[in-house]
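Geometric and topological summary
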Amino acid sequence: MGATALNDPANASSKPPILLNRSGGFKVGGKVIDSPFVPNQTLHCDHGYMEYFIPQRPRRSSIVMWHSASTQAWQNRWDGGEGFKDLYLRRRYPVFLWDGPRIGRANWACERTSYAPDYRDKSNFVAWNFGPVYPNFWPGVQFPTESAEAWNQATSNRYVEYDTRANVELETDAAAIAADEGKLGDSIVYLTNSAGGLRALMTATKSNTTNIKAIVMYEIVGWIFPENANVTAGPGGFGPFLIPEEQFKKLAEVKAIQFVWGDNRNDTYPDVQLSRYAAELINGYGGNAKVLKLGEVPGLSGNTHSAFADLNNEKVADVLDGFLRRNKLTGYASPDDGVE
């Protein structure tokens, strides 16, 4: 990898400006605990944080972007170009960036936590589907392979994560509150990456409303299945977790669920197989779940673990647009704001 520079935000393309009605953020869930040491002292903690961007004349469906690295994953392409956040604001969808409890900007925990350096840059190269072994990129991969700075940015844009069953429960409890309380609207589309997909599925099984309309998962890591499935529960933070059948059935109430895979993930890849099994189970309860391999879409090739950040992310967004259209999730908040 060479020293090729990334796109300079100060010299952005000639695209028109993004017009926002408002932006901001709010905390979700959490609790207040009393100090065991000092009387009458408390701590607000274990809340999630939601940042939002509402365009002028918005569409009705809200896009909630759920990372498994940092919110930066949704903000830029690997080369510094425009990421999914801005691509979907241009399409006039309200966009929400979610940090679950103890993650990123919501790291005020109610319990003692610890951090030790985890030396996995080179293993991430493989996990993120850049190539079969560091530093050998897949031919045609949608990553700026000549740019050392792109690699530096990719490996630096990380938060400390807690991949445990307890954290999955903590994050999804807060996310279900966010989905149910109405601040995200009544037509929520989760866009997720990696272990964010596990958490979005779990959230949908905990929600007490029908506000969650769709879940699109880019290369999900971690699984939930009903207790009667032919699956053995896993001991770690990625499961598989077995939940009551009646709870799992809630996934069939979501209008559309899509498992999306990049290139070099053949049908023997374990998570691809699990996604097909999960879709089969959801559909068996009357749901609408499908598996999509981007390499089988005409005009797409070389996609990674995070296709939304790839160099061809506008074409990836075109595929997502088709999904939203087919499932009638493109309407406007006000009928006068657009013609579909």
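Below you will find a few notes about this structure. (Residues numbered from 1 in each chain as written. Predicted model: local features only at pLDDT ≥ 70, side-chain atom pairs only at ≥ 80, totals over all residues. Heavy atoms only, no water.)

This part is about the overall build of the protein. When helices and strands are tallied, the protein shows nine helices and 10 strands. Within the protein, the proportion of its 340 residues that are buried is 51%. Counting contacts in the protein only where the partners sit at least 6 residues apart, residues at least 24 apart contribute 74% of the total. For the protein, the accessible area works out to roughly 15,800 Å², and carbon and sulfur atoms hold 50% of it. The average position of the 34 basic charges and that of the 38 acidic charges among the side chains of the protein differ by 4 Å. (Helix = DSSP H or I, 4+ residues; strand = E, 2+ residues; numbered from the N terminus. Buried < 20%, exposed > 50% of the residue type's maximum accessible area, 1.4 Å probe, protein only. Contact = heavy atoms within 4.5 Å. Areas by Shrake-Rupley, 256 points an atom, 1.4 Å probe, with all protein chains shown as cover. Lys, Arg positive; Asp, Glu negative; His and termini not counted. Charge placed at Lys NZ, Arg CZ, Asp CG, Glu CD.)

The description of an aromatic ring pair uses the distance of the two centres, along with the angle that the planes make with each other. Applying the stated criterion across every chain, the model contains 28 aromatic pairs. Residues F130 and F143 carry aromatic rings whose centres are separated by 4.5 Å and whose planes lie at 40° to one another, so their mutual orientation is tilted. Taken as a pair, F130 in the loop between α3 (121–127) and α4 (148–156) and F143 in the loop between α3 and α4 lie far apart in primary sequence, 13 residues in all. Residue F130 shares its accessibility class with F143, and that shared class is buried. A relative accessible area of 3% places F143 in the buried class. Chaining the aromatic ring pairs together yields one cluster made of W78, F125, W128, F130, Y134, F137, F143 and W151. (Phe/Tyr/Trp six-rings, centres within 6.5 Å; stacked < 30°, edge-to-face > 60°.)

Once that is clear, we can look at the pattern of salt bridges. Under the defined criterion, the tally for this structure stands at 23 salt bridges. The shortest N-O distance in the salt bridge between D99 and R105 comes to 3.0 Å. Among the salt bridges present, the one from E246 reaches K249, with a minimum N-O distance of 3.1 Å. Via salt bridges that share partners, K15, E82, R90 and E314 belong to a single interconnected network. (Salt bridge = Lys/Arg side-chain N within 4 Å of Asp/Glu carboxyl O.)

The next point concerns the nonpolar core. In this structure, Y190, L201, I215, I224, I257 and F259 are the most contacted members of the largest nonpolar core, which totals 45 residues. For F259, the residues in contact, after removing those within four places along its chain, are L201, M217, I220, W223, S275, A278, A279, A289, K290, V291 and L292. Within the second largest apolar cluster, 41 residues are counted, among which are W151, A307, F308 and A317. (Core = buried A, V, L, I, M, F, W, Y, C linked by side-chain atoms within 4.5 Å.)

What follows is about the environment of F241. Looking at where F241 falls in the secondary structure, it is placed in strand β8 (residues 241–243). Take F241: its relative accessible area is 3%, and that puts it in the buried class. A C-alpha to C-alpha distance of 35 Å links F241 and L89, two positions 152 residues apart in sequence.

Along an α-helix, residues three or four apart share an orientation, since each turn contains 3.6 residues. Across its 17 residues, helix α5 (residues 165–181) extends 24 Å between first and last C-alpha, which sits within 8% of the 24 Å expected from 1.5 Å per residue. N167, V168, E171, T172, A174, A175, A176, A178 and A179 are the residues of α5 that are buried. (Expected span 1.5 Å × (residues − 1).)

Moving on: the sheet that holds strand β9 (residues 256–261). Pairing in this open sheet of eight strands is mixed, and the strands run β1-β2-β4-β3-β5-β6-β9-β10 from one edge to the other. This sheet does not close on itself; its edge strands, each paired only once, are β1 (20–34) and β10 (289–293). Neighbour-to-neighbour, the strand axes of this sheet turn through a mean angle of 20°, independent of strand direction. As paired elements, strand β3 (residues 62–66) and strand β5 (residues 188–193) share five bridges and run parallel to each other. Bridging from a neighbouring strand, W66 pairs with T192 of β5. (Pairing = 2+ DSSP bridges. Axes fitted to C-alpha atoms, helices over the stretch in contact; angles between N-to-C directions.)

Next up on the list: the state of the cysteines. Tallying each qualifying case throughout the model produces one disulfide. Paired through a disulfide, C45 and C110 show a sulfur-sulfur distance of 1.9 Å. Its S-S torsion of about 100° marks the bond between C45 and C110 as right-handed, since a negative value means left-handed. Here C45, found in strand β2 (residues 42–55), pairs with C110, found in the loop between β4 (95–99) and α3; they are 65 residues apart in sequence, far enough to count as distant. C110 carries the same exposure label as C45, and that label is buried. (Disulfide = S-S within 2.5 Å.)

With that out of the way, let us pick up the packing of α5 against helix α6 (residues 195–206). Across the interface, α5 lies against α6 with an axial gap of 9 Å and an inter-helix angle of 55°. One way to sum up the angle between α5 and α6 is to call them oblique. Pair α5 / α6 crosses with right-handed handedness. The segment α5 lies against α6, with R165, N167, V168, E169, E171, T172, D173, A175 and A176 engaging L198, R199, M202, T203 and K206. Each residue belonging to the contact of α5 with α6 can be placed in one class, and the counts come to five nonpolar, three polar and six charged. (Parallel < 35°, antiparallel > 145°, perpendicular 65-115°, else oblique. Left-handed = near helix turned anticlockwise from the far one by under 90°. Nonpolar A, V, L, I, M, F, W, Y, C, P; charged D, E, K, R; others polar.)

Right, let's talk about the pairing of β5 for a bit. Of all six residues in β5, six are buried; the element is thus mostly enclosed. Residue alternation in β5 divides its side chains into two sets, I188, Y190 and T192 and V189, L191 and N193, and both sets are buried. For β5 and strand β6 (residues 212–218), the ladder comprises six bridges, and the chain directions are parallel. When the sheet's bridge partners are listed, T192 is paired in β6 with M217. As a crossover connection, the stretch from β5 through α6 into β6 is right-handed. (Right-handed = clockwise from strand over helix to strand, strands pointing away.)

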